[in-house]
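Overview (structure and organization)
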Amino acid sequence: QVQLVESGGGLVQPGWSLRLSCVASGFTFSKTTMNWYRQAPGKERELVALITSAGVTNYGDSVRGRFTISRDNGRNTVYLQMDRLKPEDTAAYYCNVRLGLGPKFDYWGQGTQVTVSS
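Residues numbered from 1 in each chain as written. Predicted model: local features only at pLDDT ≥ 70, side-chain atom pairs only at ≥ 80, totals over all residues. Heavy atoms only, no water.

This part covers a nonpolar patch on the surface. On the surface, a nonpolar cluster with roughly 240 Å² of combined accessible area is contributed by L99, F105 and Y107. Within the secondary structure, F105 sits in the loop between strand 9 (91-98) and strand 10 (106-108). (Patch = residues over 30% accessible without salt bridge, like charges linked within 9 Å, V, L, I, M, F, W, Y side chains within 5 Å. Areas by Shrake-Rupley, 256 points an atom, 1.4 Å probe, with all protein chains shown as cover. Salt bridge = Lys/Arg side-chain N within 4 Å of Asp/Glu carboxyl O. Helix = DSSP H or I, 4+ residues; strand = E, 2+ residues; numbered from the N terminus.)

So, on to the pairing of strand 11 (residues 112-116). Side chains T112, V114 and V116 of strand 11 all project onto a buried face; the interleaved residues Q113 and T115 project onto a face where none is buried. Sheet topology places strand 2 (residues 10-12) next to strand 11; three bridges connect them, and they run parallel. Counted as the bridge partner of L11 is T115 from strand 11. Pairing geometry for strand 9 and strand 11, over three bridges, is antiparallel. Within the sheet, the bridge partner assigned to A91 lies in strand 11 and is V114. (Buried < 20%, exposed > 50% of the residue type's maximum accessible area, 1.4 Å probe, protein only. Pairing = 2+ DSSP bridges.)

Further remarks concern unusual backbone geometry. Residue N76 is not a glycine yet carries a positive backbone phi of 50 degrees. Its place among the elements puts N76 in the loop between strand 7 (67-72) and strand 8 (77-82). Residues other than glycine seldom take positive phi values, yet R84 does so here, at roughly 50 degrees. The residue R84 is located in the loop between strand 8 and strand 9 in this model. For R84, a relative accessible area of 49% corresponds to the partly exposed category.

By themselves, these observations are geometric and do not establish any function.
Structure below.
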């Protein structure tokens, strides 16, 4: 079965960095686009970054230039390097994969909390 396990969240001060990890299993990781989403209290879940099987990346406007998504196909792991963190980056961060057409084929990790506060 598909499993996505995130780690790396925590409480940091503005301007600091964090790296999130997501270990995937149950599907052919190397051939699949991987996504990071986040959801802040009272807000809708938003796409933070994605990386295709070819290594093409895309970012949400609010994080472009500060966050970097990468993948290690040998470890079935996708990373999200978050630099120059801001209080508005505070959210639960989720790893996601879509294995078919439409949201019913979405799989999600359990999420990892990132809190940016002084």
